[in-house]
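This is what each chain is made of:
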Amino acid sequence: MASSSSAPLRVLTGITPSGTPHLGNYVGSIRHSVRQSVAPGVESFFFLADYHALIKVQEPEKIQRSTLEIAASWLACGLDPERVTFYRQSDIPEIPELTWFLTCVTGKGVLNRAHAYKAQLDKNVAKGEDPDADVTAGLFMYPVLMGADILMFNAHKVPVGRDQVQHIEMARDMAQRFNHQYGEHFTLPDAEIDDAVATLPGLDGRKMSKSYNNTIPLFAARAYLQKQIASIVTDSRAPGEPKDTEGSALFQIYQAFADADETEMLRKAYADGIGWGDAKQLLFERIDLEVAPLRARYDALMNNPAEIERILLIGAEKARDLSKPFMTRLRHAVGLRNLAAGKNQGGAKAAKVARPSFKQYRERADGLFYFKLLDARGETLLQSRGFTSPQEAGRTIATLQEQRGAALATLAAQLEPLDTEGSRAVTEALEALAEATSTTQGS
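Described below are features of the structure shown in this document.

Conventions and cut-offs
Residues numbered from 1 in each chain as written. Predicted model: local features only at pLDDT ≥ 70, side-chain atom pairs only at ≥ 80, totals over all residues. Heavy atoms only, no water. Helix = DSSP H or I, 4+ residues; strand = E, 2+ residues; numbered from the N terminus. Buried < 20%, exposed > 50% of the residue type's maximum accessible area, 1.4 Å probe, protein only. Pairing = 2+ DSSP bridges. Axes fitted to C-alpha atoms, helices over the stretch in contact; angles between N-to-C directions. Contact = heavy atoms within 4.5 Å. Salt bridge = Lys/Arg side-chain N within 4 Å of Asp/Glu carboxyl O. Core = buried A, V, L, I, M, F, W, Y, C linked by side-chain atoms within 4.5 Å. Polar contact = N/O pair within 3.5 Å; in protein donor to acceptor, adjacent residues only side chain to side chain. Right-handed = clockwise from strand over helix to strand, strands pointing away. Parallel < 35°, antiparallel > 145°, perpendicular 65-115°, else oblique. Nonpolar A, V, L, I, M, F, W, Y, C, P; charged D, E, K, R; others polar.

## Observations concerning unusual backbone geometry
(1) Moving on: For Asn213, which is not a glycine, the phi torsion comes out positive at approximately 55°.
(2) Moving on: Its location among the elements puts Asn213 in the loop between strand S5 (190-192) and helix H9 (222-230).
(3) Moving on: Here Asn213 falls in the exposed class, since its relative accessible area comes to 69%.
(4) Moving on: Residues other than glycine seldom take positive phi values, yet Arg404 does so here, at roughly 50°.
(5) Moving on: Secondary-structure assignment places Arg404 in the loop between helix H14 (390-403) and helix H15 (407-410).

Now the structure itself:
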């Protein structure tokens, strides 16, 4: 979905704390995501998906330790909590609530097609067992929780590997179903796949993965890092014999850290018959050159878990500044409302109280989508400029409802100009609308 020229692009990234971060995590996600988080016009959300970890890890100490290690890794690699929203999934109680809302609009047939669920069923059938053996409701509902993670913050882009694209498509389906039933509330997210981001091979040549037990820890001590690199599987060609870069795990890992000139140097060394021991030493030195300064920061953070906890709680406050008012609107949308609101003391239906309101519409002349803020008499207080989709207009309205007068400056490019008196009138109307909505919803 396109976004208006001045609205920030929301990018959301999550990682499940189910193990120790390794070089593959760094090259395939952490390094790239941290670099992208400082791009202009991007609003980044990073979260530790500890609810997801409960699906496959039943060791409380392991989840706690992994959460600490992964948080420290992101921060050590340069993630700036002042510039991004960095939080722990379990600190946002609105996420499981939204998961239930989405559960109620998601077809079981959609979840039946989820890759992880189907893989477990196929595995059971192959063993001659009950198809649903060892399948928990958590595994089955995993895509809905992931949908709630994404839709809670109306992310536009979600960086994922190709094996996760299906989950983004399912989140889009959930958003469309909810929007169709209850009105436009959710942005339809898009998967972002960067083919330039490397997928590292592990010690045995297969994809580096905890599942294969072939990983190299990202912040292993220097001596252990050297020992792990020395154990990378190579062929039997002796020093002096030319070696192939194609299919060489050692070369691929080196390439992920080196620049073009360094990579070409090693390519030539392969052709000239470099010994595997010398090649592994080059790889160790190149990785350590990049990782050593980060390791020092990581070690300092790991020795001060209270600081990491403080950072995550501040991030949770930032996230809940968005999630709380959003869930208030969603509760109202689905009918979870104050039963006494709008009724007089005698129980008779009260007359509708006039209040400010937004009106969305599409201009036939240019095909663009607009909105107005009307006062209680129906007079226009605020006029938007054109948007390419109703979702963009809806997001801008949501921002005005959340931030009220404070949003007028940041959204100026999307609104027709206001003078001082007009800004004051709009601010008062937004405050009145917020108060009336809060009263109606019993908040």
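## Describing the sheet that holds strand S8 (residues 380-383)
(1) Moving on: Ordered by their spatial adjacency, three strands build an open sheet running S6-S7-S8, and the pairing between neighbours is antiparallel. With partners counted over all chains shown, the strands left at the sheet margins are strand S6 (357-362) and S8, one partner each. For this sheet, the mean angle separating the axes of adjacent strands, direction not counted, is 25°.
(2) Moving on: Note: strand S7 (residues 369-374) against S8, three bridges, orientation antiparallel. The residue of S8 that forms the bridge with Lys372 is Gln383.
(3) Moving on: Strands in contact with H14 are S6, S7 and S8; relative to S6, the strand with the most contacts, it is inclined by about 165°.

## Overview of the pattern of salt bridges
Side-chain pairs of opposite charge can arise whenever the charged atoms involved come near each other.
(1) Moving on: In total, this model carries 22 salt bridges according to the counting rule given.
(2) Moving on: In this structure, Arg286 and Glu262 form a salt bridge, with 3.0 Å as the shortest nitrogen-oxygen distance. Here Arg286 is found in helix H12 (residues 276-302), whereas its partner Glu262 is found in helix H11 (residues 260-271), with 24 residues between them in sequence.
(3) Moving on: Using a relative accessible area of 23% as the deciding quantity, one classes Glu262 as partly exposed.
(4) Moving on: A salt bridge links Glu416 to Arg385; the shortest N-O distance between them is 3.9 Å. With Glu416 in the loop between H15 and helix H16 (420-441) and Arg385 in the loop between S8 and H14, the pair connects residues that are 31 residues apart, well separated along the chain.
(5) Moving on: When salt bridges with common partners are traced through the structure, they connect Arg88, Asp91 and Glu309 into a single cluster.

## Quick notes on the nonpolar core
(1) Moving on: Counting 53 residues, the largest nonpolar core has Trp74, Phe86, Ile232, Phe257 and Ile287 as its most contacted members.
(2) Moving on: Going through the elements one at a time, helix H1 (23-37), strand S2 (42-48), helix H3 (60-76), H9, helix H10 (249-257), H11, H12 and helix H13 (305-334) are the ones with two or more residues in this core.
(3) Moving on: Of the residues forming this core, the biggest block, 10 residues, is contributed by H12.
(4) Moving on: Counting residues in each nonpolar core, the second largest holds 46 residues, with Tyr87, Phe186, Ala319 and Met327 among its members.

## Remarks on the environment of Arg206
(1) Moving on: Topologically, Arg206 is positioned in the loop between S5 and H9.
(2) Moving on: Separated by 30 residues in sequence, Arg206 and Ser236 have C-alpha atoms that sit 18 Å apart.
(3) Moving on: Setting aside anything within four residues of it in sequence, one finds Arg206 in contact with Leu200, Pro201, Tyr212 and Asn214.
(4) Moving on: Among the polar contacts listed, one links the side chain of Arg206 to the side chain of Asp204, at a separation of 2.9 Å.

## Description of the pairing of S2
(1) Moving on: In terms of burial, S2 is largely enclosed, as five of its seven residues are buried.
(2) Moving on: Across seven bridges, strand S1 (residues 9-15) lies against S2 in parallel orientation. Across the sheet, Val11 pairs through a bridge with Ser44, a residue of S2.
(3) Moving on: Taking the sense of rotation as the criterion, the β-α-β connection linking S1, H1 and S2 turns out right-handed.
(4) Moving on: Note: S2 against strand S3 (residues 85-88), four bridges, orientation parallel. Bridge assignment links Phe45 to a residue of S3, and that residue is Thr85.

## Observations concerning the packing of H3 against H13
(1) Moving on: Look at H3 against H13: their axes get within 10 Å of each other, and the N-to-C directions meet at 75°. Between H3 and H13, the interaxial angle falls into the category roughly perpendicular. Contacts from Leu68, Ala71, Ala72 and Leu75 in H3 reach Pro305, Ile308, Ile311 and Leu312 in H13.
(2) Moving on: Of the residues contributing to the contact of H3 with H13, the split by class is eight nonpolar, no polar and no charged.

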